[in-house]
Amino acid sequence: MLPEEKARIKIDKQLTDAGWDIVARDEYIPFNASAVKEALMQGNKESDYLLFVDDKAIAVVEAKAEDNSLGDIVAQQAEWYSKNPQGWVGLWFPNQIPFVYLANGNKIYFKNMLESDSEYVELSEMHSPKKMLQMLGEKSEYGALPRIEKKGLRDCQYDAEVKLEASLKAGRKKALAILATGSGKTYLACLASYRLLNYTPTKRVLFLVDRNNLARQTETEFSLFYRTEKQKPMNELYQINRLTKPENIQGDIIISTIQKLFAVLMGQNITEDDEDKEDEKLGLKDVIKNEPDIVLGEDLKLPPDYFQFIIVDECHRSIYGKWKAVLDYFKDAKVLGLTATPTSEAYAYFNKNIVEEYTYEDSVVDGVNVPARVYRIITDATVHGGTINQGETVTDINRSGETVDEYKAQQRIDYAPNQLDRSVINPNQIEAVLKSYMESIYTDLYPEREENWNYIPKTLIFAKDDNHATKIVEIAKKVFAEKFPSGKVPDNFVQKITYSAGDSNALIRELRTEKDFRIAVTVTLVATGTDVKPLEVVLFMNDVKSDVLYTQMKGRGCRTINEDKLREVTPNADNKNCFYIVDAVGVTESDKHIPQPGKGGGPRPKVLRLDQLLERLSHGEVSDENLALLRDYCATIQKRYEDNPLFERHLNMFISDYGFSPRRLANNINQSLSQNLLPPYENISDENFARKNLIFCLMSNLSARKKLLEMLRGYYAVTPEKKDEVIYKGFSKETAKSFIVNFEQYLNDNEDKIEALRIIYNSEDTVITYSMLTELQDKLIAENGQFTPYYIWKNYKILDNDGNVEELDTKQNIKALTHLIQLVRYAYKKSNKLVSLIKGYSQRFNLYCGQVQRELTDDQKEIMKQIADYIIEEGAISIKELNAFDTDLWRKGIKNFGAPVLSEEIITLAKFILKAA
């Protein structure tokens, strides 16, 4: 390499470190901060580097060898270039490139050609595009953006940022990045926000989160982000505020839900109270169709240019229907949408300008996420529903979990599977599922782990609602108690994470880090965006119908974690090479819908809740609108309870106790309004006797009002004690089929490339050695972390309908490498049955001992028996490998046989032991 070429390597690094994208002359791309090599100047001469910002030449760099002193001759050459650019090159000043740099890899000299008396000054580093623009006193929308250093970024993050900036430079205001769960969406948002704040005229960034608990998590990530010019954390450079009160809107980076932003925009008060409850409700209302659109008032508290860049996290949710006016108000802001699960609505909102599409499958291949395996549990009640027989005792509880009545059924009542845990609670069904899951943990799911019930895999259970979650926690404590000597589970073993359980942020943090917290039960608070890397099992006890929500929910388990970090919270774990979806309700089999935007239809008046309505009516606000709303509530409640075999008795009790039915009150109101029988309502302070008398039967009876509210919220019927049977549990056949197809495809693709595969495929009379099996195992796991002997065998067993695959003993020899020999033979159709070599190997050892060519002493037989124990698990071994496995056994073997004979005996023994069964 010539001295000048060596210097160029260093100069290239100095330029790239300063943010310049070094390109060849024919690779120049508009709008990038580029350093063009061997750029053509007038007279067909070439400048070593010509630097461009906003497609205008801003600097010349003259490069020399390291031993060049960069004297006057070099300076004259560079300055000539600065005054003689090609006529077709854009310039900041007529016939003049403003800056000149001389460089030899060790030194950099700089001169400003716009100052007539300027001298060369030595620099410690090359100027960045941003610095050059500052020295010129010029501004550029995107010209100061330096090249993005790929190091430290995933490919999907790097590609998304590069394409986002290209999209912005092309004048496109909206962009959509589709990134799989766990692939670093928030880190990308931090990177994009920092680059726009630091290098462009962007003054303020808004990050819209889907949930309040995610706002807290996002605030932390933004604050600690340190991929900055001087590696300072972002919160030292910019004011980062989570919007919890109106004054928080003053900052550089604002993190908020769209609901809180709307409140501030409208001048309404906001608090942190009941954020978890708000989040839970948002989760349950995954899609609300035909909701009235948000209407912005006249006196808005923020100008429309307040934010220049808006990032919408989890943008698949339908905020662009009801809440679209809020985003549209900030009309000039650039908008980046982030999601793992795009909807047609999201595609439309972002004009299908997709800057990156990185799927879950891509993330698994890249090792960003781990694959899922489905384990199905089916009970009789979940398939067929159930029956409450005449005379059996039923307990009714309200939605707050309080017992309101206990009675004996007057007739047989049948309930359908879809009523389970929504209107009927069958504790035995919950118990059957949890007991089945418990029994599968160390048999089917993690048979290789030490059975330690203090450290079962961290499990997240999705319940149907808060009351269902409470029941699951209660029954889980009962089911798992039998595994502990004290007869009860440790205090924090199973906990609820819902709006009623306290600080959800603290609970999620504990689930992530604490050893004693093993099972979390939630509804939707942990459904989206929450990062719990040690989570290994997601158990569905709610049949989610939304494809988007289901994808988000199961994505909670897919995060990767290194072995040491996993063992910090699950000490008996080896690794996390997959996660399990335990499906107790058919969620993996049921049809899913893609959320569609509501029809909108313009603004509509806000509908009061019944409790709000009753409060207003009690104070005399008896307007036509309020009376009509009470009519509708009463009619709906009556309809809901009529002919309802489970809960009609509550309607009958209401009529009996209070002397009127909700429908009668509804009819009276309807008749008065439709026939104009009431005096007009003008003022709440008027007497309004006729109107008040119309509803006096309800408003004067506080107990009736409370009962009406209770009936609106609904009840659960807790069934009598009846055992629910598990009728199936096991892995999904579809998942197993896909797994085996991929495994056999890998074997076929590598039959001539991996020694053990070649020997088996060609039926060669050669023993398979320990080193061969180790190579095969390493390459299988490199291809797919689940390609271990146990998992491959287990999937073949799931697909076996003819009894050709024996059950693998999970209590011993589960990790034997020699299982790979039999698996490959079976996959290549060299064997009709898949049977462990370990089974019956004592008989093959006796055949070895009984050879007529020679006799073995008792000591020699014992030595070879111990060597056989190694071979049957690890494959044929050499004397050197025997020494590594068991030095004492090696010494005995050498003493009793001598090295040459021992070597021959091991080969002969291996042929007997590893013979196909």
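Residues numbered from 1 in each chain as written. Predicted model: local features only at pLDDT ≥ 70, side-chain atom pairs only at ≥ 80, totals over all residues. Heavy atoms only, no water.

**Here we look at the overall build of the chain**
Counting secondary structure elements, the chain contains 36 helices and 27 strands. By principal-axis analysis of the C-alpha atoms, the chain measures approximately 105 × 105 × 45 Å. Expressed as a percentage of its 917 residues, the buried residues of the chain come to 53%. Put simply, the chain shows about 41,600 Å² of open surface, and 47% of that area lies on carbon and sulfur atoms. The positive charge centre, built from 120 side chains, and the negative charge centre, built from 139, are 2 Å apart in the chain. (Helix = DSSP H or I, 4+ residues; strand = E, 2+ residues; numbered from the N terminus. Buried < 20%, exposed > 50% of the residue type's maximum accessible area, 1.4 Å probe, protein only. Areas by Shrake-Rupley, 256 points an atom, 1.4 Å probe, with all protein chains shown as cover. Lys, Arg positive; Asp, Glu negative; His and termini not counted. Charge placed at Lys NZ, Arg CZ, Asp CG, Glu CD.)

**Quick word on the packing of aromatic side chains**
A complete count under the given rule lists 32 aromatic pairs for this structure. Centroid distance F743 to Y796: 6.4 Å. Interplanar angle 80 degrees. Geometry classified as edge-to-face. Of this pair, F743 sits in helix α27 (residues 733–749) while Y796 is found in helix α30 (residues 789–799), placing the two residues 53 residues apart along the sequence. In this pair, the class of F743 matches that of Y796, namely buried. An aromatic cluster of three or more residues is present, and its members are Y442, W453, F480, F484 and F493. For R649, the ring lying beneath its charged end belongs to Y407, and the centroid distance is 3.8 Å. When the ring centre of Y761 is taken as reference, the NZ or CZ atom of K830 above it lies at 5.6 Å. (Phe/Tyr/Trp six-rings, centres within 6.5 Å; stacked < 30°, edge-to-face > 60°. Lys NZ or Arg CZ within 6 Å of the ring centre and 35° of its normal.)

**Brief notes about the sheet that holds strand β26 (residues 715–718)**
Strand order across the open sheet formed by four strands is β18-β17-β26-β20, with mixed pairing between neighbours. With one partner strand each, in any of the chains shown, β18 (403–408) and β20 (424–425) form the two edges of the open sheet. As defined by bridge partners, strand β17 (residues 393–398) adjoins β18 across five bridges and the pair is classed as antiparallel. Residue pairing for β18: T395 is matched across the bridge by E406. Its contacts with the sheet place helix α22 (residues 648–658) against β17, β18 and β26, and it is angled at close to 105 degrees to β18. (Pairing = 2+ DSSP bridges. Contact = heavy atoms within 4.5 Å. Axes fitted to C-alpha atoms, helices over the stretch in contact; angles between N-to-C directions.)

**Some points on helix α21 (residues 624–641)**
In this model, α21 (18 residues) spans 26 Å end to end at C-alpha, consistent with the 26 Å of a helix rising 1.5 Å per residue. For α21, the full list of buried residues reads N626, L627, A628, L629, L630, Y633, C634, I637, Q638 and Y641. (Expected span 1.5 Å × (residues − 1).)

**Focus on the sheet that holds strand β8 (residues 174–179)**
Strands sit in the order β10-β11-β9-β12-β13-β8-β14 across an open sheet of seven strands; the sheet is parallel. Here the strands that pair on one side only, and so sit at the sheet edges, are β10 (240–242) and β14 (354–358). This sheet shows a mean twist of 15 degrees between the axes of neighbouring strands, independent of strand direction. With four bridges joining them, β8 and β14 adopt parallel strand pairing. Among the inter-strand pairings, L179 is bridged to a residue of β14, identified as Y358. The strands that helix α4 (residues 155–169) touches are β8, β12 (309–312), β13 (334–339) and β14; relative to β14, the one it contacts most, it runs at about 165 degrees.

**Remarks on the side chain of S167**
Relative to the helices and strands, S167 is located in helix α4. With relative accessibility at 7%, the residue S167 sits in the buried group. Apart from residues no more than four positions distant in its own chain, S167 is found in contact with R172, K174, A175, N353 and V355.

**Quick word on the environment of K833**
Mapping K833 onto the fold places it in the loop between α31 (819–827) and α32 (841–849). Overall, K833 belongs to the partly exposed group, its relative accessible area being 46%. A sequence separation of 367 residues divides K833 from D466, and the C-alpha atoms of the two residues are 50 Å apart. Discounting residues that sit within four places of it in the chain, K833 has contacts with G803, N804 and Y826. Of the polar contacts made by the side chain of K833, one reaches the side chain of N804; its length is 3.2 Å. (Polar contact = N/O pair within 3.5 Å; in protein donor to acceptor, adjacent residues only side chain to side chain.)

**A word on the pairing of strand β6 (residues 108–112)**
Burial within β6 is extensive, with five of its five residues counted as buried. Two strands pair when backbone bridges link them, and strand β5 (residues 99–103) and β6 are joined in this way by five bridges, in the antiparallel orientation. Within the sheet, the bridge partner assigned to L102 lies in β6 and is Y109. In this structure, the hairpin formed by β5 and β6 is closed by a connection of four residues, where G105 is found at a positive phi of approximately 95 degrees.

**Here we look at the packing of helix α20 (residues 610–618) against α21**
Remark: α20 packs on α21, axes separated minimally by 11 Å, with the N-to-C direction vectors making an angle of 135 degrees. As far as their axial angle goes, α21 and α20 are oblique. Note that α20 runs across α21; the crossing there is left-handed. Where α20 approaches α21, its residues L610, L613, L614, R616 and L617 are matched on the opposing element by N626, L627, L629, L630, Y633 and I637. (Parallel < 35°, antiparallel > 145°, perpendicular 65-115°, else oblique. Left-handed = near helix turned anticlockwise from the far one by under 90°.)

**A word on the confidence of the model for the chain**
In the predicted model, the chain carries a mean pLDDT of 87, and the fraction of residues at 70 or more is 93%. Note that residues 286–290 has pLDDT below 50 and, in this model, twelve contacts with residues that lie over four places away or in other chains. (pLDDT = per-residue confidence, 0-100.)

**A word on the pattern of salt bridges**
If charged atoms from side chains of opposite charge come close, those side chains can pair. Going through the model one piece at a time under the given rule, you end up with 39 salt bridges. Between E66 and K10 there is a salt bridge, and its shortest N-O distance comes to 3.0 Å. With E66 in the loop between β4 (56–63) and α2 (72–83) and K10 in helix α1 (residues 3–17), this residue pair connects regions lying 56 residues apart in the sequence. The class of E66 is partly exposed, set by a relative accessible area of 31%. Exposure remark for K10: the relative accessible area of 36% places this residue in the partly exposed category. Two residues, R891 and D888, come together in a salt bridge whose shortest N-O distance is 3.1 Å. (Salt bridge = Lys/Arg side-chain N within 4 Å of Asp/Glu carboxyl O.)

**Let's talk about the state of the cysteines**
A disulfide bridge is the covalent bond that connects two cysteines by way of their sulfur atoms. By the definition in use, this model includes zero disulfides. Take C190: it sits in no disulfide, and the sulfur closest to it among the cysteines is that of C156, at 14 Å. What makes C190 buried here is its relative accessible area of 1%. Note on C558: no disulfide assigned, nearest cysteine sulfur contributed by C578 at a separation of 12 Å. (Disulfide = S-S within 2.5 Å.)

**Quick notes on the pairing of β4**
Counting buried residues along β4, seven of its eight residues qualify, which places the element largely inside the surrounding structure. Sheet analysis places strand β3 (residues 46–53) next to β4, joined by five bridges and oriented antiparallel. Considered in β4, the bridge of V53 is made with K56. What sits between β3 and β4 in their antiparallel hairpin is a turn of two residues, with D54 showing a positive phi close to 55 degrees. Sheet analysis places β4 next to β5, joined by five bridges and oriented parallel.

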